[in-house]
Amino acid sequence: MDMHDRQATYQGFGDAMAMAFELVMTPLLFALAGFGLDRFLGTTPIFLIVFSAFAIVGLSIKTYYSYKIAMEREEDAKPWTRSRP
């Protein structure tokens, strides 16, 4: 296995782990903040639900656009998209 291939594989694993961590921890932290705010204000779990939904929607939008940009960048590198000299 070529060193460049190995480096690309490890980079892919690192990116996937970072994304997995982000997808789990962001809604959890927002939910905990909402829970704390609900306890502080004595309200029903409205802030917990609102903050969790906000985090999930935000991450969904971020993931969609990140994927779209990555695929456009990948397509631009393909030989059939290059213009002739």
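Refer to the structure printed above.
To start, this report covers the structure provided alongside it.

Thresholds, definitions, all that
- Residues numbered from 1 in each chain as written.
- Predicted model: local features only at pLDDT ≥ 70, side-chain atom pairs only at ≥ 80, totals over all residues.
- Heavy atoms only, no water.
- Phe/Tyr/Trp six-rings, centres within 6.5 Å; stacked < 30°, edge-to-face > 60°.
- Helix = DSSP H or I, 4+ residues; strand = E, 2+ residues; numbered from the N terminus.
- Buried < 20%, exposed > 50% of the residue type's maximum accessible area, 1.4 Å probe, protein only.
- Patch = residues over 30% accessible without salt bridge, like charges linked within 9 Å, V, L, I, M, F, W, Y side chains within 5 Å.
- Areas by Shrake-Rupley, 256 points an atom, 1.4 Å probe, with all protein chains shown as cover.
- Salt bridge = Lys/Arg side-chain N within 4 Å of Asp/Glu carboxyl O.
- Expected span 1.5 Å × (residues − 1).
- Contact = heavy atoms within 4.5 Å.

**Let's talk about the packing of aromatic side chains**
- Per the stated rule, a full pass over the model turns up 3 aromatic pairs.
- Relative to Phe 54, the ring of Phe 30 lies with its centre 6.0 Å away and its plane at 45°, an arrangement referred to as tilted. Remark: Phe 54 occurs in helix 2 (residues 46–76) and Phe 30 occurs in helix 1 (residues 3–41); sequence separation between them is 24 residues.
- For Phe 54, a relative accessible area of 57% corresponds to the exposed category.
- Ring plane angle 65° and centroid distance 6.0 Å describe the contact between Phe 47 and Phe 51, whose orientation is recorded as edge-to-face. With Phe 47 and Phe 51 both in helix 2 and 4 residues apart, the pair spans about one turn of that helix.
- With a relative accessible area of 26%, Phe 51 lands in the partly exposed category.

**So, a nonpolar patch on the surface**
- On the surface, Leu 28, Leu 29, Phe 30, Leu 32 and Phe 54 cluster together to form a nonpolar patch covering roughly 490 Å² of accessible area.
- The leading source of residues in the nonpolar patch is helix 1, at 4 residues.

**Some points on helix 2**
- With 31 residues, helix 2 ought to run about 45 Å at 1.5 Å a step, and its terminal C-alpha atoms sit 45 Å apart, in line with that.
- All buried positions along helix 2 are accounted for by Ser 52, Ala 55 and Leu 59.
- Next to the buried residues of helix 2 lie helix 1.

**Digging into helix 1**
- Compared with an ideal rise of 1.5 Å per residue, which puts 39 residues at 57 Å, helix 1 spans 56 Å between its outermost C-alpha atoms and is within 8% of the ideal.
- Among the residues of helix 1, those classed as buried are Pro 27, Ala 31, Gly 34 and Asp 38.
- Those residues of helix 1 that are buried lie in contact with helix 2.

**Let's talk about the environment of Val 50**
- Among the structural elements, Val 50 can be located in helix 2.
- With a relative accessible area of 43%, Val 50 lands in the partly exposed category.
- The spatial distance from the C-alpha of Val 50 to the C-alpha of Glu 75 is 37 Å, given a sequence separation of 25 residues.

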